[in-house]
Amino acid sequence: MTFKNWMLLLLGVIAVGMTSCSKETVDNIGRDAALNIIRTGNWERWTKTVAGNSVGELNVTREMMEQGETLNFDKDGAWHKKKDKSAVAYDYSMPDSKTMIFDGVEYKIQENIVSTVSKLTLVNQQGAIKTTMVIKRNW
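Residues numbered from 1 in each chain as written. Predicted model: local features only at pLDDT ≥ 70, side-chain atom pairs only at ≥ 80, totals over all residues. Heavy atoms only, no water.

A. Fine view of the side chain of Thr131. Within the secondary structure, Thr131 is located in strand β10 (residues 129-136). Owing to a relative accessible area of 12%, Thr131 belongs among the buried residues under this scheme. (Helix = DSSP H or I, 4+ residues; strand = E, 2+ residues; numbered from the N terminus. Buried < 20%, exposed > 50% of the residue type's maximum accessible area, 1.4 Å probe, protein only.)

See the structure below:
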C-alpha cells in the first residue's frame, strides 16, 4: 500500500471512532480541553462590569486586580494572588465548555476557549442586570 492509501485508511478509522463517541463524551473532551487552557499560565487583568438594560440604570466597571497581581485557575480554586503576597480563593467549576460557575454564580463563556487562549469573557444575565467579567493574559 502506498502512503496515501495508509493515510486515507487512518482518516477513515479516526472518523469511525469519532462518530461512535456519544455526545456526552465529545462535550467532556471539549470541557477538559477548555479547562486545561484556562489552568495554564497566569491571568493578569480582570475587569467586572455590572450594567442595567435601560438608559440611566446601573453601569459600573471595576478593575478586580492591580498591576502585578494575577489570577490562576487551579484544581482547588481560582486564586487571586495580590501584591502583598496574600491570596483570595474563588470556587469555580465548568459543567461544560461554554459554562463556568464562578464564586457561586453561573456565567456563559463567550469565546471558543479552545481557540482563544488570551481572553476569557464570562456573562451572567439576571433579569435586567447583566454582569460581564473579562479576564485577560498577556501572551
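On we go.
B. Looking closely at the packing of aromatic side chains. Within the structure shown, the criterion is met by six aromatic pairs. Taken together, a centroid distance of 5.3 Å and an interplanar angle of 25 degrees make the contact between Tyr90 and Phe102 stacked. Of the two residues, Tyr90 is situated in strand β5 (residues 87-90) and Phe102 in strand β7 (residues 99-102); the sequence distance between them amounts to 12 residues. Look at Phe102 and you get buried, because its relative accessible area is 3%. An aromatic cluster of at least three residues, connected via ring pairs, comprises Trp43, Trp46, Phe73, Tyr90, Tyr92 and Phe102. One Lys or Arg, Arg137, reaches over the ring of Trp43 and ends 3.8 Å from the middle of that ring. (Phe/Tyr/Trp six-rings, centres within 6.5 Å; stacked < 30°, edge-to-face > 60°. Lys NZ or Arg CZ within 6 Å of the ring centre and 35° of its normal.)

C. Geometry of the nonpolar core. Of all hydrophobic cores here, the largest spans 23 residues; its most connected members are Trp46, Phe73, Met100, Phe102 and Leu120. Within the residue set of this core, elements represented by two or more residues are α2 (23-39), β3 (70-74), β6 (92-96), β7, β8 (105-109), β9 (119-126) and β10. In terms of residue count, α2 provides more of this core than any other element does, four residues in total. Setting aside residues no more than four positions away along its own chain, Phe73 makes contact with Ile38, Arg39, Trp43, Ala78, Tyr92, Met100, Phe102, Leu120 and Ile135. (Core = buried A, V, L, I, M, F, W, Y, C linked by side-chain atoms within 4.5 Å. Contact = heavy atoms within 4.5 Å.)

D. Up close: the environment of Pro95. Mapped onto the fold, Pro95 is located in strand β6. When residues no more than four places from it in sequence are discounted, the contact partners of Pro95 are Arg31 and Ile101.

E. Examining the sheet that holds β3 more closely. Taking strand neighbours across the sheet as the criterion, the three strands line up as β3-β4-β5 in an open arrangement whose pairing is antiparallel. Strands at the two margins of the open sheet, each flanked by one partner only, are β3 and β5. Within this sheet the neighbouring strands show an average axis-to-axis angle of 20 degrees, counted without direction. Across four bridges, strand β4 (residues 77-81) lies against β5 in antiparallel orientation. Across the sheet, Lys81 pairs through a bridge with Ala87, a residue of β5. (Pairing = 2+ DSSP bridges. Axes fitted to C-alpha atoms, helices over the stretch in contact; angles between N-to-C directions.)

Take it as geometry only, folks, not as evidence of what the structure does.
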